[in-house]
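Topology and contacts: notes
As a plain string of letters, each chain reads:
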Amino acid sequence: MNEFNLEERVAAIAAVLADRTRARMLFLMMDGRAYTATELSAASDVVPSTTSAHLNRLIEENLVSCIKQGRYRYFKIHNAELAQLLENMMHFANGSNKDIAKISTPKSLRFFRTCYDHMAGEVAVKIHDSLLVNHWMTDNYELTSTGKDFLLFLDICCDTESSSRRKFACSCLDWSERHFHLGGFLGASLLDTFLKKKWAFRQLDSRELVLTESGKRVLKLRFGVEIDGGINRHTI
């Protein structure tokens, strides 16, 4: 792609993202799940015909994928790279003052949420830092031998061959905490394990993740992460 075509492409994507309704739809899909047009219409507070037009624009620019299953059509964010771009845009839009994000964002979402297919929020940032402090992961986001043993002990997939189509591990700037959480294949594997082992569960109507008591114990005993019980008002 030459420089001129690249400029056109960036301008086209920016134009699609500039619409508030389309941005709202993408933010809803940031939890990594697929939604029907009806669900997106209700959540975005627009009529079905308008929703279809917006979805067509998002599909045309490869920002959203359409999945057909029987007579139903589901829509989801096209890939992890777009999700990270949106997360970075949230960080940029909140400006340099961290307090802005804390005021405008519900406490439950700041505490623990999904960022497409991995974990975000205060809990995720602490997990990210624990991996580095305990020398389970290097500053270049490569697992050490002890780190691999640690994650395998927790049944977290860390097979680099399984991540051949994406980065194995990478930093993702958390827009509410203003620190990095873990993205890439390893970040997705962590979320998958937390859900399968019921250390956390999803909320049906938002990106919020709810940390269970067993999840709190794992964080404290295995990751050395202390969680303030007063913050996680939904913990069960």
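Our structure's up above, just so we're on the same page.
I will try to describe carefully the structure that is included in this document. Source: prediction; values computed, not measured.

Parameters and conventions
- Residues numbered from 1 in each chain as written.
- Predicted model: local features only at pLDDT ≥ 70, side-chain atom pairs only at ≥ 80, totals over all residues.
- Heavy atoms only, no water.
- Disulfide = S-S within 2.5 Å.
- Helix = DSSP H or I, 4+ residues; strand = E, 2+ residues; numbered from the N terminus.
- Buried < 20%, exposed > 50% of the residue type's maximum accessible area, 1.4 Å probe, protein only.
- Arc of directions from axis to C-beta.
- Contact = heavy atoms within 4.5 Å.
- Pairing = 2+ DSSP bridges.

1. Considerations on the state of the cysteines
Counting across every chain of the model gives zero disulfides. Note on Cys-157: no disulfide assigned, nearest cysteine sulfur contributed by Cys-158 at a separation of 6.5 Å.

2. A few points about the environment of Glu-81
As for its placement among the helices and strands, Glu-81 is situated in helix H5 (residues 80–93). Overall, the relative accessible area of 53% leaves Glu-81 in the exposed class.

3. Comments concerning helix H11 (residues 213–221)
For H11, the complete set of buried residues consists of Gly-215, Lys-216, Val-218 and Leu-219. One side of H11 holds all its buried residues, which, seen down the axis, span an arc of 160 degrees. Residues of H11 that are buried make contact with helix H8 (122–133), helix H10 (184–196) and strand E9 (209–211).

4. Topic: the environment of Asn-56
With respect to the element layout, Asn-56 can be found in helix H4 (residues 48–60). Of the residues examined, Asn-56 reaches a relative accessible area of 41% and is grouped as partly exposed. C-alpha separation for the pair Asn-56 and Cys-66, spaced 10 residues apart in sequence, amounts to 9.6 Å.

5. Digging into the pairing of strand E2 (residues 64–69)
Regular strands place side chains that alternate from one sheet face to the opposite one. Alignment of E2 against strand E3 (residues 72–77), held across six bridges, turns out to be antiparallel. If you follow Val-64 over to E3, its bridge partner there is Ile-77. Counting the residues between successive antiparallel strands, the hairpin from E2 to E3 contains two residues, one of them, Gly-70, with a positive phi of roughly 65 degrees.

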